[in-house]
Amino acid sequence: MQPEIKQRLEHLLKSGPQRIHLIGVCGSGMSGLARLLLAQGHALSGSDLVPAADASDYVPPGVRYFEGHAASNVEGAALVVFSSAIAAENRERAAAVERGILCVRRAECLVVLADAKSAYVIAGSHGKTTTSSMLTHVLRQADLNPSHYIGAQVPLLGANASWTDGKPFVVEADESDGTLALFAPEASLILNIEEEHLDYYHNIEEIVQVFAALCERTSGPIIYCADDRNAMLLCSHCAQAVGYGLSELAAYRALDVRLQNFSSRFTVLRHGQLLGEVALEVPGAQNVSNALGVVALATELGIAWNQIVSALAEFRGASRRFEVKYRSADYMVVDDYAHHPTEIKATLAAAKNSGWKRVLALFQPHRYS
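Throughout this description, residue numbers start from 1 for each chain and increase along the sequence as written. With the structure being a predicted model, the display of local features is reserved for residues of pLDDT at least 70 and the display and counting of side-chain atom pairs for 80 or more, all residues being used for whole-chain, interface and lining totals. Note: side-chain values were computed over all heavy atoms of the structure, leaving out hydrogens and water.

A. Examining the pairing of strand β14 (residues 264-270) more closely. Within β14, five of the seven residues are buried, leaving the element largely enclosed by the surrounding structure. Strand pairing requires that DSSP identify at least two bridges connecting the strands. Put simply, DSSP H or I for four residues or longer makes a helix, DSSP E for two residues or longer makes a strand, and each gets a number counted from the N terminus. Judged from the six bridges that link them, strand β13 (residues 252-259) and β14 form a sheet pairing that is antiparallel. Counterpart to L259 in the pairing with β14 is S264. What sits between the antiparallel neighbours β13 and β14 is a turn of four residues. With seven bridges joining them, β14 and strand β15 (residues 273-280) adopt antiparallel strand pairing. Bridging across to β15, T267 finds its partner in E277. The loop that links β14 with its antiparallel partner β15 comprises two residues; one of these, H271, has a positive phi angle of about 50 degrees. Partly exposed residues are those whose accessible area sits between 20% and 50% of the maximum for their type, while under 20% is buried and over 50% is exposed, using a 1.4 Å probe and protein chains only.

Structural data, given as structure tokens:
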């Protein structure tokens, strides 16, 4: 983000309630941003291609909704925010530029909001939503009153985003368009780094560079998965980095992992010292890793062990993350967002470990690319 753009955006958001228009407001990331801006008293409008009759399923109450895109929708706006799916040729975006209205990407607006808090950024190719949700619940149970921004609905949290008076701000940060490098958080949790979003990046080296920029801009602890090759190669040399995983090189290790139908148990060692046992009510080895990352970050932040364990035991998952949609004596139907090969492998492994004799997988490609 250009310094002058950031300065204008900071000044505008700090100057009292503004009229803000969101292009692509029905997306999970944009609807979450809408909740944050509404909580600060701004007057919001938004547009998308979702029929108006269905928009209430996506758009928070208080947002004036326009079905379809038209230049007239941005009239009177002091700020226009657009999602990564909105091209420069979009009628509203083009109209905003033509009229001199400040026009920024979703992540650029989120970065400015994060700068006002103690931001804890969750980043990685997989597992961000679940891990962000877990961490937010842990911070709530520790009475830290965190704000949060997460890319899915989480029943336990009540909504995909909230803005509170508390200092912590848990941010699920998207690496798909390079904007991850804009954040300057107090702490970062890096889950994994793999080839994805190759419609934007040319290769894995470019992806790693974006994560490297996040590490350089993180002022406090960098928690990384020592079981992930790219995360290990990138983070292990950082002075404030702390590894977690099954690896003997990890400062926080999971031992005696027991995967059950819809739960798991594991023991945590910190620098070789026993912390205790964690019980989860969400399935899969991937969630053991996600929870261990949360244990590591929460412990480094000074949260008591019993508060961490109690909160994790209450966690029941996020929408479309191995979400059971139907269950009877004969069948179980699960909806999962997995679209990357690594995610699909993890989801199938969890399904095969769920106690059923036969598993059928129906795969819908995530994007045309």
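B. Expanded view of the packing of aromatic side chains. In summary, the pairing rule links any two rings of Phe, Tyr or Trp, Trp by its six-membered ring, whose centres are within 6.5 Å, and it sorts them by plane angle into stacked for under 30 degrees, edge-to-face for over 60 and tilted for everything else. Within this structure, the stated rule accounts for one aromatic pair. Between W163 and F169, the aromatic rings sit 5.5 Å apart at their centres with planes inclined by 80 degrees, giving edge-to-face as the arrangement. Owing to a relative accessible area of 23%, W163 belongs among the partly exposed residues under this scheme. Classification of F169 by relative accessible area gives buried; the value is 0%. Consider the ring centre and the ring normal. A charge sits over the ring if Lys NZ or Arg CZ is within 6 Å of that centre and within 35 degrees of that normal. Note that R93 overlies the ring of F82, its terminal NZ or CZ placed 3.8 Å from the centroid. Above the face of the W163 ring, K117 is positioned so that its terminal group lies 4.5 Å from the ring centre.

C. Here's a closer look at helix α6 (residues 204-217). A rise of 1.5 Å per residue sets the reference length of α6, with its 14 residues, at 20 Å; its end C-alpha atoms lie 20 Å apart and thus fit the reference within 8%. Those residues of α6 that are buried lie in contact with β6 (118-123), β10 (187-190), β11 (222-225) and α7 (229-235). Near the N-terminus of α6, the side chain that reaches the backbone nitrogen of E205, with its oxygen 3.2 Å away, is that of N203. Under the convention used throughout, the expected extent of a helix is 1.5 Å for every residue step, that is, one less than its residue count. By definition, residues are in contact when any of their heavy atoms lie within 4.5 Å. Any pair of N or O atoms that falls within 3.5 Å is considered a polar contact. Within protein, one atom must be able to donate a hydrogen and the other to accept it, and sequence-neighbouring residues count only if both atoms are side-chain atoms.

D. Layout of the side chain of T131. Of note, T131 is situated in helix α5 (residues 128-141). Not counting chain neighbours up to four residues away, the residues in contact with T131 comprise I122, L189, L191, N290 and V294.

E. Quick look at the sheet that holds strand β3 (residues 63-67). Across the sheet, five strands lie side by side as β3-β2-β1-β4-β5; this open sheet has parallel pairing. The sheet terminates laterally at β3 and β5 (102-105), the two strands that pair on one side only. In this sheet, adjacent strand axes meet at a mean angle of 20 degrees when their direction is disregarded. Examined bridge by bridge, strand β1 (residues 19-23) and strand β2 (residues 43-48) share five bridges and lie parallel to one another. Counted as the bridge partner of R19 is A43 from β2. Fitted lines through C-alpha atoms serve as axes, helices being fitted only where they are in contact, and the angles separating the N-to-C directions of these axes extend from 0 to 180 degrees.

F. Local environment of the packing of helix α2 (residues 28-39) against helix α4 (residues 106-115). For the pair α2 and α4, the least separation of the axes is 11 Å and the interaxial angle reads 35 degrees. Note on packing geometry: the crossing formed by α2 with α4 is left-handed. Of α4, the residues touching α2 (which contributes G29, M30, L33, L36 and L37) are R106, C109, L110 and L113. When residue character is reported, Ala, Val, Leu, Ile, Met, Phe, Trp, Tyr, Cys and Pro are called nonpolar, Asp, Glu, Lys and Arg charged, and the others, Gly included, polar. In the contact of α2 with α4, the residues fall into seven nonpolar, one polar and one charged. Helix crossings fall into two classes, left-handed where the near helix is turned counterclockwise from the far one by less than a right angle and right-handed where it is turned clockwise.

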